Amino acid sequence: MTEFRAPVGTRDVLPQESARWERLVALFAGHVGRAGYGLVLSPMFEDVGVFERVGEGTDVVRKEMYDFEDKGGRRVALRPEGTASVVRAYVQHRPTAPFKAWYAAPNFRYERPQAGRFRQHHQLGVEALGTDDADLDVEVVALARSVCAAVGLGRVTLLLNSLGDDVCRPAYLDLLRSFLGAAVLCDEHSAGFEKNPLRVLDCKRDACRTGTEAAPRLVDHLCEPCTAHFARVRAGLDSLGVVYTLQPRLVRGLDYYTRTTFELAAESLDSAQNAVGGGGRYDKLAEALGGPATPGIGFGLGIERLLLAADAEGVFGVPASTLDVWVVDTTGGAAALELTHELRAAGISADRSFDGRSMKSQFKSADRSGARLALVVGDNELAAATVTLRDLRGGEQDTVDRADILKYVQERLS
Ligand code: HAM
């Protein structure tokens, strides 16, 4: 028979590894919740147009999208990223602004799988819509930074840039095109830099690296309002002590960005996949999705990448078991059934063995579970209406009346 495996580029996350995910999502929810962001749950698939409008010129949309026709003949796509869905939801429901949302959700990109690059990856993200106040940029960038710090990551660099707006960027792009036209670039880009010249600045190949060394920088060609906005963002970050590196070459992999853009690069990871997160402003996106002109900004942190970086730095390990009690029953199982039920109802975590296993095997499971206490019911205990309680860490043992066991366990655990 065929043995099925998880599709290429996807992973199963099993206990106890999944306990880290739970902890990470809870840490993130706490951080962004304290800053006024509320959880948004949006569909995992959308009309393909939602994504086409936001990134027609990008690989994420042109080459990597899981799009298909559903049984009703609709063209849909599995979400390649979270921002478009949240902005589509904003346009549809028009909540009061500023609208501050967070999510923890899977995204799907048909990429070439490699370390840190998956076909299904997961992001923790925020989106804030309704104001272009630079203080919001500062809040969002600082939040992304502080989540990394709370995970314990010390070797993460915050890269910051401004991509201008539709007043200053077109003139800059013309300038860049004429520069690139005269430069020596890699094969891919010497043929195709016209459409998306910014991408060339991000190309990792040597020819493009050298060929663009003296390329004009967008930050030097920002219009007056974009210059002022970027100055306020930097001053705000400085005032909070958020350390960043200006990176005029930083262009993001999606088309919708305007003004502030940023990335968090983990020095502990291989440079091709070292972005643990990224984000920026997208002041034209709501309009592109048919809504009223509404500025917005957000970020996405890759859960897999954050955890890879945590592994590389030796932080944020798999948490120890939180199981309180293991019930060992050698009298047939009925006592274990009742005891675990009673303990759980009282808020104590409890588990047991099944299949009438031997005492030895049940104690082995108890040890493996990491539980603090074992409650043992053998023939003697059953006859005497008692339970033997063993501390699995210290080894001490007491025999207690069955009727008093809850109180006793609660005392031992407190
Ligand atoms: P992105 O840079 O495409 O931005 O993805 C954000 C993060 O998701 C990346 O920095 C990386 O950590 C992780 N990531 C992306 N693709 C993969 C993959 N194939 N495998 C593993 N991890 C991956 C966005 O998606 C934007 N929506 C972020 C944003 C929110 N901008 C504004 N608001």
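The shown structure was predicted, so the numbers you read here are calculated from the model rather than taken from an experiment. (Residues numbered from 1 in each chain as written. Predicted model: local features only at pLDDT ≥ 70, side-chain atom pairs only at ≥ 80, totals over all residues. Heavy atoms only, no water.)

**Q** Run through the layout of surface pockets, naming residues and quoting values.
**A** Counted as a void, the second largest pocket has a volume near 570 Å³. In terms of lining residues, the second largest pocket is bounded by 28 residues, among which Arg169, Leu254, Asp255, Tyr256 and Tyr257 are the most central. Of all the elements in the fold, those that place two or more residues in the lining of the second largest pocket are α2 (48-55), α6 (169-181), α8 (198-202) and α11 (285-288). Split into classes, the residues belonging to the lining of the second largest pocket amount to 12 nonpolar, 4 polar and 12 charged. (1 Å grid on protein atoms, 1.4 Å probe; cavity = no way out; pocket = protein on both sides within 12 Å on 5 of 7 lines; lining within 4 Å. Points joined across faces, edges and corners; volume = space filled by probe spheres on them. Helix = DSSP H or I, 4+ residues; strand = E, 2+ residues; numbered from the N terminus. Nonpolar A, V, L, I, M, F, W, Y, C, P; charged D, E, K, R; others polar.)

**Q** So what's going on with the environment of Met359? Which residues, and what values?
**A** Looking at the element boundaries, Met359 is found in helix α14 (residues 359-369). Linking Met359 and Asp283, residues 76 residues apart in sequence, is a C-alpha distance of 65 Å. What Met359 contacts, discounting residues up to four positions off in sequence, is Val328, Thr330 and Val376. (Contact = heavy atoms within 4.5 Å.)

**Q** Could you give an account of the sheet that holds strand β12 (residues 325-329), with specific residues and numbers?
**A** Spatially, β13-β12-β14-β15-β16 is the arrangement adopted by the 5 strands of the open sheet, whose pairing is mixed. Because the sheet does not close on itself, it has two edges, and the strands there are β13 (350-352) and β16 (397-401). With strand direction ignored, the average angle separating the axes of adjacent strands in the sheet is 25°. As paired strands, β12 and strand β14 (residues 373-377) are joined by 5 bridges and run parallel to one another. Note on β14: the bridge partner recorded for Val325 is Leu373. Along the sheet, α14 contacts β12, β14 and β15 (386-391); its crossing angle with β12, the most-contacted strand, is approximately 175°. (Pairing = 2+ DSSP bridges. Axes fitted to C-alpha atoms, helices over the stretch in contact; angles between N-to-C directions.)

**Q** Summarise the side chain of Thr258; cite the residues concerned and give the values.
**A** Structurally, Thr258 can be placed in strand β9 (residues 258-266). Within polar-contact distance, the side chain of Thr258 engages the backbone nitrogen of Asp283 at 3.0 Å. Ignoring sequence-local partners within four residues, the contact set of Thr258 consists of Gly164, Arg169, Arg281, Tyr282, Asp283 and Lys284. (Polar contact = N/O pair within 3.5 Å; in protein donor to acceptor, adjacent residues only side chain to side chain.)

**Q** Explain the environment of Cys226 to me, using residue names and the numbers behind them.
**A** Examined against the element boundaries, Cys226 turns out to sit in helix α10 (residues 224-240). For Cys226 and Val167, which are 59 residues apart along the polypeptide, the C-alpha to C-alpha distance reads 9.1 Å. Those residues in contact with Cys226 that sit more than four places away from it in its chain are Gly164, Asp165, Cys168 and Arg259.

**Q** How would you explain the sheet that holds strand β3 (residues 67-69) if you had to name every residue and give the values?
**A** Taking strand neighbours across the sheet as the criterion, the 3 strands line up as β2-β4-β3 in an open arrangement whose pairing is antiparallel. Single-partner strands in this sheet number two, and they are β2 (45-47) and β3. The sheet shows a mean angle of 35° between the axes of neighbouring strands, direction not considered. Its contacts with the sheet place α2 against β2, β3 and β4 (75-78), and it is angled at close to 80° to β2.

**Q** Explain empty space enclosed by the protein residue by residue, including any values.
**A** Taken as a whole, this structure holds 1 cavity of 30 Å³ or more when the rule is applied. Per-class residue counts for the lining of the largest cavity are 2 nonpolar, 2 polar and 2 charged.

**Q** Which residues make up the packing of helix α1 (residues 17-34) against helix α5 (residues 134-151), and what values go with them?
**A** Two numbers describe how α1 lies on α5: the axes approach to 10 Å, and their chain directions differ by 140°. Taken as axis vectors, α1 and α5 run oblique relative to one another. Both α1 and α5 take part in a crossing whose hand is right-handed. Note on element contacts: α5 touches α1 through Leu143, Ser146, Val147, Ala150 and Val151, opposite Leu24, Leu27, Phe28, His31 and Val32. The residue inventory of the contact of α1 with α5, partitioned by class, reads 8 nonpolar, 2 polar and no charged. (Parallel < 35°, antiparallel > 145°, perpendicular 65-115°, else oblique. Left-handed = near helix turned anticlockwise from the far one by under 90°.)

**Q** Give a description of the pattern of salt bridges that names residues and reports values.
**A** Note that side chains of opposite charge can pair when their charged atoms are close. With the rule as written, the count across this model stands at 29 salt bridges. Across the pair Arg117 and Glu111 runs a salt bridge whose closest N-O atoms are separated by 2.7 Å. A relative accessible area of 12% means that Glu111 is categorised as buried. The network of salt bridges with shared partners includes Asp391, Glu396, Asp398 and Arg412. (Salt bridge = Lys/Arg side-chain N within 4 Å of Asp/Glu carboxyl O. Buried < 20%, exposed > 50% of the residue type's maximum accessible area, 1.4 Å probe, protein only.)

**Q** Before we move on, could you go through the site of the ligand and cite the residues and values that matter?
**A** In the vicinity of the ligand, 27 residues are found, and the nearest of them are Glu81, Glu111, Arg252, Tyr257 and Ala275. In this structure, an oxygen atom belonging to the ligand sits 3.1 Å away from a side-chain N or O atom of Gln123. Here the ligand loses 96% of its free accessible area of 660 Å² to cover by the protein chains. At the level of secondary structure, the elements contributing two or more residues to the shell around the ligand comprise β6 (120-129), β10 (275-281) and β11 (296-302). (Near = heavy atom within 4 Å. Areas by Shrake-Rupley, 256 points an atom, 1.4 Å probe, with all protein chains shown as cover.)

**Q** How would you sum up α14? Please name residues and give values.
**A** Among the residues of α14, those classed as buried are Gln362, Phe363, Ser365, Ala366 and Ser369. Each buried residue of α14 lies within a common arc of 155° when the element is viewed along its axis, so the set occupies one face. Away from its buried face, by an angle of more than 90 degrees, α14 presents the exposed residues Lys360, Lys364, Asp367 and Arg368. Tucked into the core, α14 has its buried residues touching β12, β14 and β15. In the segment just after α14, Gly370 is the residue with positive phi, at about 80°. (Arc of directions from axis to C-beta.)

The analysis is restricted to geometry; functional conclusions fall outside its scope.
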